[in-house]
Structures are given as C-alpha cells and as structure tokens.
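# Remarks on the overall topology
Letter by letter, the chains look like this.
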Amino acid sequence: VQVSPACTHPGLTRKRQGGDPDEPGRYRPKKVVTFCRVCPHDDTQGPLAAKFVAADLKAKSAFVLDDGELYGAGVAGAFAAGCKAAGVEVLGRETIKVFAMD
C-alpha cells in the first residue's frame, strides 16, 4: 500500500467530470488499488473553505486570488463556485504573479 499525507490530486483515486478519462486506471495497471489518501483531495478543499467562510465567518463577499498553478487555480475556482452556491458574493478573481525567492 502507498500512503501519502499530501497527494491531493483527485484523479489518483477516482474519476471526475472534466478529468483525464484514463484516471485512476492508468495508475492501476494490474487493477489493484494500492494508493490511500489521508488528507482531503483538491475537489473538496475549495467548497469546504467556502462553507466555512459563509457559515462560520458569516462573510457576505470575497475576492479570490490564485497563483495560476494547477493546484492553486483549481482550488480557487472550486472556492469561488462554493461561495456563489453558499450565497457569498464573489467580488472578483485574479491570478497573482509569484516570484521565486532565490
């Protein structure tokens, strides 16, 4: 068994709408499930954060920033959609430029 505390890509464990049609089968050539996740996958992080913002923080609006990377943009998009579904107005969304510190 492979266990990861940080691999959050949903395609490792399930099919998803708009995802790679070969996932997760491409990672299971012998048709045996060997990967286990101990943290939430990307598709749940954004919506759960939106529920927290709406229910616990009682926010009425949010402005969404992302880093333009696959992970960051994906979670930000799911967060924005979750906000709209929860009645939190999305004032805007921007991708910020991230600079390396080397």
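I will try to describe carefully the structure that is included in this document. None of these values were measured; they are calculated from a predicted model.

## A few points about the layout of surface pockets
- Its boundaries defined by the atoms lining it, the largest pocket holds a volume of some 170 Å³.
- Residue lining of the largest pocket: His-9, Pro-10, Arg-16, Asp-42, Asp-43, Leu-70, Tyr-71, Gly-74, Val-75 and Ala-78, and that is the complete set.
- Among the elements of the structure, α1 (42-55) and α2 (70-85) are those that each provide at least two residues to the lining of the largest pocket.
- Ranked by the residues each element gives to the lining of the largest pocket, the list is headed by α2, at five residues.
- Taken together, the residues that form the lining of the largest pocket break down as five nonpolar, two polar and three charged.

## Brief notes about the pattern of salt bridges
- Summed over the entire model, instances satisfying the criterion amount to four salt bridges.
- Here Asp-43 and Arg-16 are joined by a salt bridge, their closest N and O atoms 3.1 Å apart. Here Asp-43 is found in helix α1, whereas its partner Arg-16 is found in the loop between β1 (2-4) and β2 (35-37), with 27 residues between them in sequence.
- The class of Asp-43 is partly exposed, set by a relative accessible area of 27%.
- With a closest N to O distance of 3.1 Å, Arg-93 and Asp-66 form a salt bridge. Placement of Arg-93 in strand β4 (residues 89-95) and of Asp-66 in strand β3 (residues 61-66) is noted, with a sequence separation of 27 residues between them.
- Classification of Arg-93 as partly exposed rests on a relative accessible area of 39%.
- Looking at Asp-66, the relative accessible area reads 6%, which means it is buried.

Parameters and conventions
Residues numbered from 1 in each chain as written. Predicted model: local features only at pLDDT ≥ 70, side-chain atom pairs only at ≥ 80, totals over all residues. Heavy atoms only, no water. 1 Å grid on protein atoms, 1.4 Å probe; cavity = no way out; pocket = protein on both sides within 12 Å on 5 of 7 lines; lining within 4 Å. Points joined across faces, edges and corners; volume = space filled by probe spheres on them. Helix = DSSP H or I, 4+ residues; strand = E, 2+ residues; numbered from the N terminus. Nonpolar A, V, L, I, M, F, W, Y, C, P; charged D, E, K, R; others polar. Salt bridge = Lys/Arg side-chain N within 4 Å of Asp/Glu carboxyl O. Buried < 20%, exposed > 50% of the residue type's maximum accessible area, 1.4 Å probe, protein only.

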